[in-house]
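# Summary of structural features
Here's the letter readout for the chains.
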Amino acid sequence: GQAEGLVDVLLRLDPTSQDRQIARETLLGRIPGDYGLDVEYLARGLIRLAVNADEKHSVRQALLSMIMATRSGDIATPLASALVEFEPTQDEKRQAREALISLAPLIVSGYRAPVLYGELARLNPTLDDISTWRTWPQRPTRGLLMAVRRNSTSQAWLAALDSLPKLTSRVS
């Protein structure tokens with residue numbers, strides 16, 4: 001993508017911290033308003049431009065704000081993917097999960113739901129997070145349910161099994 005090419009050029013020039021900040025702010029400014037741009041490429045550029053803890057924190061906060069503000073799964077999903085690359089805190093993961101879950105019922109195209117569920121699985125989902133799965137366009141994927149299981153106690157998981165979607169279909 002064009003954004004990644006620009007980042008390549010900038011990084012070869014040995015940018016200062018201020019140069020990287022300007023570049024990050026420019027990329028961040030392009031994400032929410034230009035749906036024609038490939039958000040994933042912009043996010044990858046951000047990952048490469050944040051080299052220290054303060055820069056990573058700043059980008060995480062910006063990504064999280066955008067995830068929470070958007071009403072589009074097509075925008076939120078790659079932003080969440082980028083957020084995971086910045087090693088978010090548990091609270092940041094929780095906020096991102098809540099935002100993605102709020103978008104799940106709005107997804108009308110069936111092939112997009114598994115992509116959103118895949119990113120949700122990377123954010124340490126819990127049983128509480130998927131409690132509204134019946135309002136989603138598709139039931140949770142195996143990968144999402146496996147992630148929820150990893151983040152649940154055995155007792156809580158066993159208690160919830162009857163309320164979760166079945167992964168296999170039975171022939172009658």
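Criteria and cut-off values
- Residues numbered from 1 in each chain as written.
- Predicted model: local features only at pLDDT ≥ 70, side-chain atom pairs only at ≥ 80, totals over all residues.
- Heavy atoms only, no water.
- Core = buried A, V, L, I, M, F, W, Y, C linked by side-chain atoms within 4.5 Å.
- Buried < 20%, exposed > 50% of the residue type's maximum accessible area, 1.4 Å probe, protein only.
- Helix = DSSP H or I, 4+ residues; strand = E, 2+ residues; numbered from the N terminus.
- Contact = heavy atoms within 4.5 Å.
- Axes fitted to C-alpha atoms, helices over the stretch in contact; angles between N-to-C directions.
- Parallel < 35°, antiparallel > 145°, perpendicular 65-115°, else oblique.
- Left-handed = near helix turned anticlockwise from the far one by under 90°.
- Polar contact = N/O pair within 3.5 Å; in protein donor to acceptor, adjacent residues only side chain to side chain.
- Phe/Tyr/Trp six-rings, centres within 6.5 Å; stacked < 30°, edge-to-face > 60°.
- pLDDT = per-residue confidence, 0-100.
- 1 Å grid on protein atoms, 1.4 Å probe; cavity = no way out; pocket = protein on both sides within 12 Å on 5 of 7 lines; lining within 4 Å.
- Points joined across faces, edges and corners; volume = space filled by probe spheres on them.
- Nonpolar A, V, L, I, M, F, W, Y, C, P; charged D, E, K, R; others polar.

With that settled, the discussion passes to the nonpolar core. The biggest cluster of nonpolar side chains holds 49 residues, and the ones touching the most others in it are Leu63, Leu79, Trp136 and Leu144. Sorting the residues of this core by element identifies helix 2 (17–30), helix 3 (39–49), helix 4 (53–69), helix 5 (73–85), helix 6 (90–103), helix 7 (112–121), helix 8 (142–150) and helix 9 (154–160) as the ones contributing at least two each. If one sorts the elements of this core by residue count, helix 5 sits on top with seven residues. Contacts of leucine 79, omitting those with residues within four sequence positions, involve Ile31, Val39, Leu63, Met66 and Ile67.

Attention now moves to the side chain of arginine 60. Inspection of the secondary structure puts arginine 60 in helix 4. If we ignore the near neighbours within four places in the chain, the residues touching arginine 60 are Leu83, Phe86, Glu87, Pro88, Thr89 and Glu92.

The geometry of helix 2 relative to helix 3 is characterised by a closest axis approach of 10 Å and an angle of 160° between their N-to-C directions. Taken as axis vectors, helix 2 and helix 3 run roughly antiparallel relative to one another. The handedness of the crossing between helix 2 and helix 3 is left-handed. Together, Arg20, Ala23, Arg24, Leu27, Leu28 and Arg30 of helix 2 and Leu42, Gly45, Leu46 and Leu49 of helix 3 make up the contact between the two elements.

Within the secondary structure, glutamine 95 sits in helix 6. Separated by 31 residues in sequence, glutamine 95 and leucine 64 have C-alpha atoms that sit 7.6 Å apart. With residues near it in sequence (within four places) discarded, glutamine 95 still touches Leu64 and Met68. A polar contact is formed between the side chain of glutamine 95 and the side chain of aspartate 91, at a distance of 2.8 Å.

Another aspect to go through is the packing of aromatic side chains. Summed over all chains, the structure comprises one aromatic pair. Judged by centre distance (5.1 Å) and plane angle (40°), the ring pair of tyrosine 117 and tryptophan 136 falls under tilted. Placement of the pair is tyrosine 117 in helix 7 and tryptophan 136 in the loop between helix 7 and helix 8, with a sequence separation of 19 residues. For tyrosine 117, a relative accessible area of 0% gives the class buried.

The share of residues in the chain with pLDDT of 70 or more is 89%, and the mean pLDDT across the chain is 83. Confidence drops under pLDDT 50 across residues 168–172; counting only partners more than four residues distant or on other chains, this segment forms zero contacts.

Moving on, we get to the layout of surface pockets. When its volume is computed, the largest pocket comes out at roughly 410 Å³. In terms of lining, the largest pocket is formed by 21 residues, of which the most central are Gly73, Asp74, Thr77, Pro78 and Val115. Of all the elements in the fold, those that place two or more residues in the lining of the largest pocket are helix 3, helix 5 and helix 7. Across the lining of the largest pocket, the residue classes tally to eleven nonpolar, five polar and five charged.

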